[in-house]
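What follows is the residue order along each chain.
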Amino acid sequence: MNSVPCPSFTTKLLIDGCLVEGEGRAESIHDPSSGKVIAQVREASMEQIEQAIAAAGRAQATWSRTTPQQRSTVLLDIASLIQERASSLARIESLNCGKPLHQALNDDLNAAIDVFRFFAGAVRCQYGQLSAEYVPGYTSMVQRAPLGVVASIAPWNYPLMMAAWKIAPALAAGNTLVFKPSEHTPLSVLELATHLEGMLPAGCLNIVCGGGENVGSLLARHPDIRMISLTGDIVTGQKVLKEAINSLKRTHLELGGKAPVIVCDDADLELVVEGITRHGYYNAGQDCTAACRIYAQSGIHDRLVRRLGDAVSRLRFAQRNDRDNDIGPLISLRQRDRVASFVERALTEPHVERITGAAIPSGSGFFYQPTLLAGCLQSDEIVQREVFGPVVTVTRFDEISQALDWSNDTEYGLASSVWTTNMDKAMHLASRLEYGCTWINSHFMLATEMPHGGLKRSGYGKELSSDSLQDYSVVRHIMARHARLD
Ligand code: NAD
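A brief look at the structure comes next. (Residues numbered from 1 in each chain as written. Predicted model: local features only at pLDDT ≥ 70, side-chain atom pairs only at ≥ 80, totals over all residues. Heavy atoms only, no water.)

### Description of the nonpolar core
Quick note on the threshold: As used here, the term nonpolar core means buried Ala, Val, Leu, Ile, Met, Phe, Trp, Tyr and Cys residues forming a set that is joined through side-chain atoms within 4.5 Å. Each residue's exposure class comes from its accessible area (1.4 Å probe, protein chains only) as a fraction of the maximum for that residue type: buried when under 20%, exposed when over 50%, partly exposed otherwise. Put simply, DSSP H or I for four residues or longer makes a helix, DSSP E for two residues or longer makes a strand, and each gets a number counted from the N terminus. In what follows, a contact means two residues having at least one pair of non-hydrogen atoms within 4.5 Å.
Formed by 86 residues in total, the largest nonpolar core has its most connected members in I82, F116 and L219. Among the elements that take part in this core, helix 5 (residues 159-172) stands out by supplying eleven residues, more than any other. Setting aside chain neighbours within four positions, we find L219 in contact with I49, I53, A151, V178, K180, V208, I225, I228 and K249. Ranked by size, the runner-up nonpolar core spans 28 residues in total, among them Y295, F342, L429 and Y435.

Below is the structure:
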């Protein structure tokens, strides 16, 4: 249904500065908005993965000795390259993910450019403890050193943006990299790789494709990789941790989420409806911070359900003119069916009420109707588990303390929001929510300067911000003995 003209793209991997076809098994890549296969991308073979890791190891010797200014220049060049190619990269992203082109261009691509620019600046102005004579006759200095070869593994929801989140801070900190995109969405980052020649020394950035069980797990257990950074499911995070044990590599895990949205009686209803309609369903709900678990206070509950139901039922998808689409399809048939089965099971509960959606629309592609369910209880599976689709639940509460307890009663700890016109109440809740981020009268907004990451089983390690630079580097103490002249 995507009316975006079919862009040209490559299926070649980037290993040691060379563009090469993978030599492993072929993976079919789909256009989720039509369901059609658009490419076959061959996985990296074991030998190619070894070559990529060895190349990154060799490149490390020189890249780690570059100055922040030199690395900054390279990152700025990559940002400019993405900006110049934004329109074709966005078309590839839109084709491979099914997301509306205007969102790929205005949101994903702009965010990726900004991330490279941010880290280009951040690496040149890092702060730390003062150098001083903490022991008489010895001057201590702190140095931030790169870790070595980093492997980064990305999910499919924002392929190029996630690549930027992982590649920019790792390179900025002086590491070299083996990057693995999701097996579903490799096309935009592979296309970017075709334009990197001459910009980065060979081997600094290698891009290998393939599934998690083959390529991903080999990266996670490889002894020459010093850090593994994963954005993905909790179960994948657990597997990666197990694989990383033998080599004791640093791990950086950005895992799932199930964001609570506390709507108090005194909230601005217009603002809430607009916010949840956009940020509960953006990217078809395939977002770890999606505003998907609403707790609505009794005084506002019925009006909110009615107004939100109206707004959500007007969300547009699968329109012939892509500019008319608010959301795209799910990434795969499997993901669409997984979402549908969550909703089917929820609707077998007598207390759960379908307000809108809850069906697979007719036509091609992996679409699912934007869905709002009310009457949900805290113990329901649909309230407890991450659906990762365009599905939002509403649970009624009376006392604020109840909403707070329910919000924190989960294994996830990534993102949350509070909606009230009373700032004291907002701050009371924000300081007690056990989440990496709490928005007040908003949801989902990211700032590149601010850390993004979870608590509890949503993982650890921060993306974005200068905190991320710290995650991709290690602190060293250098102590110089000097003669005392007094
Ligand atoms: P996934 O865990 O299935 O896959 C993520 C990546 O891990 C893919 O590249 C995959 O190939 C790889 N992988 C899978 N098994 C592996 C293994 N055994 N060893 C090494 N690598 C392996 O997740 P997904 O379905 O691509 O993405 C959706 C998940 O990602 C959701 O749970 C979502 O919440 C999470 N997510 C989190 C954030 C965040 O910032 N916290 C952001 C986006 C997505």
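Still more ground to cover, so stick around.
### A word on the site of the ligand
For the record, the criterion: Only a single heavy atom is needed: when it lies within 4 Å of a molecule or strand, its residue is near that molecule or strand. For the purposes of these results, a polar contact is taken to be a pair of N or O atoms within 3.5 Å, where, inside protein, one atom must be able to donate a hydrogen and its partner to accept one; residues adjacent in sequence count only when each atom of the pair is a side-chain atom. Residue type decides the class: Asp, Glu, Lys and Arg count as charged, Ala, Val, Leu, Ile, Met, Phe, Trp, Tyr, Cys and Pro as nonpolar, and the leftover types, Gly among them, as polar.
Surveying the vicinity of the ligand reveals 30 residues, the closest of which are A154, E183, T236, L255 and E386. Take E183: an N or O atom from its side chain is 2.6 Å from an oxygen atom of the ligand. A distance of 2.5 Å separates an oxygen atom of the ligand from a polar side-chain atom of T236. Contributions of two or more residues to the shell around the ligand are made by helix 7 (212-221), strand 10 (227-231) and helix 8 (234-244). If you tally residues by element for the shell around the ligand, the top one is helix 7, at four residues. Its residues placed into classes, the shell around the ligand shows eleven nonpolar, twelve polar and seven charged.

### Some details on the packing of helix 9 (residues 269-279) against helix 10 (residues 298-313)
We apply this condition: Between the N-to-C directions of two axes lies an angle of 0 to 180 degrees, each axis being a line fitted to C-alpha atoms and, for a helix, fitted only over the stretch in contact. Geometric relationships in this document are graded by angle, where less than 35 degrees denotes roughly parallel, more than 145 denotes roughly antiparallel, 65 to 115 denotes roughly perpendicular, and other angles denote oblique. Handedness of a crossing follows from how the near helix is turned relative to the far one, being left-handed for an anticlockwise turn of less than a right angle and right-handed for a clockwise one.
Where helix 9 contacts helix 10, the two axes come as close as 10 Å, and the packing angle between them is 45°. The pairing of helix 9 with helix 10 is recorded here as oblique in orientation. Crossing angle aside, the handedness with which helix 9 passes helix 10 is right-handed. Along its contact with helix 9, which presents L269, E270, V272, V273, I276 and T277, the element helix 10 presents I300, R303, L304, R307, L308, A311 and V312.

### Focus: helix 14 (residues 423-430)
Convention followed: The directions considered for the arc are those from the helix axis to the C-beta atoms.
Buried within helix 14 are the following residues: A426, L429 and A430. Angular distribution of buried residues about the axis of helix 14 spans 95°; they occupy a single face of the element. Of the surrounding elements, those touching the buried residues of helix 14 are strand 12 (260-263), helix 13 (400-408), strand 17 (415-419) and strand 18 (437-440).

### Observations regarding the environment of E349
Mapped onto the secondary structure, E349 falls in the loop between helix 11 (333-347) and strand 14 (353-356). Overall, the relative accessible area of 32% leaves E349 in the partly exposed class.

### Considering the pairing of strand 5 (residues 132-135)
The cut-off we apply is this: Pairing between two strands is assigned when DSSP locates at least 2 bridges connecting them.
As paired elements, strand 5 and strand 6 (residues 138-146) share two bridges and run antiparallel to each other. Of the residues in strand 6, the one forming a bridge with A132 is S140. Following strand 5, the chain reverses through two residues before pairing antiparallel with strand 6; G137 in that reversal takes a positive phi of roughly 85°.

### Some details on the environment of L196
With respect to the helices and strands, L196 occurs in the loop between helix 6 (187-193) and strand 9 (205-207). Accessibility expressed as a relative area gives 6% for L196, which makes it buried. For the pair formed by L196 and L13, sequence separation is 183 residues and the distance between their alpha carbons is 12 Å. In this structure, L196 is in contact with L14, I78, L81 and L205, ignoring residues within four places of it in sequence.

### Observations concerning the sheet that holds strand 5
Spatial strand order, 5-6-20: three strands in an open sheet with antiparallel pairing. Here the strands that pair on one side only, and so sit at the sheet edges, are strand 5 and strand 20 (473-481). Strand-to-strand twist in this sheet, taken as the mean axis angle between neighbours without regard to direction, amounts to 50°. Two elements, strand 6 and strand 20, share nine bridges in a ladder whose sense is antiparallel. Across the sheet, residue S140 finds its bridge partner in strand 20, namely M479.

### Examining the packing of aromatic side chains
Keep this limit in mind: What counts as a ring pair is set by centres within 6.5 Å for rings of Phe, Tyr and Trp (its six-membered ring), and what kind of pair is set by the plane angle: stacked under 30 degrees, edge-to-face over 60, tilted for all other angles. Remark: a charge is flagged as sitting over a ring if the NZ atom of Lys or the CZ atom of Arg is within 6 Å of the ring centre and within 35 degrees of the ring normal.
The full count for this structure, using the stated rule, is five aromatic pairs. Note on W156 and F388: the rings are 5.3 Å apart at their centroids and 70° apart in plane angle, and the pair reads as edge-to-face. You can see W156 sitting in the loop between strand 7 (149-153) and helix 5 and its partner F388 sitting in the loop between helix 12 (381-384) and strand 16 (391-397), a full 232 residues away along the chain. With a relative accessible area of 17%, F388 lands in the buried category. Seen from their ring centres, Y282 and F444 are 5.2 Å apart, and the 55° between their planes marks the pair as tilted. In this pair, Y282 sits in the loop between helix 9 and strand 13 (293-297) while F444 sits in the loop between strand 18 and strand 19 (459-460), placing the two residues 162 residues apart along the sequence. Overall, the relative accessible area of 6% leaves Y282 in the buried class. For F444, a relative accessible area of 16% puts it in the buried group. Between the NZ or CZ atom of R345 and the centre of the ring of F342, over which it lies, the distance is 5.1 Å.

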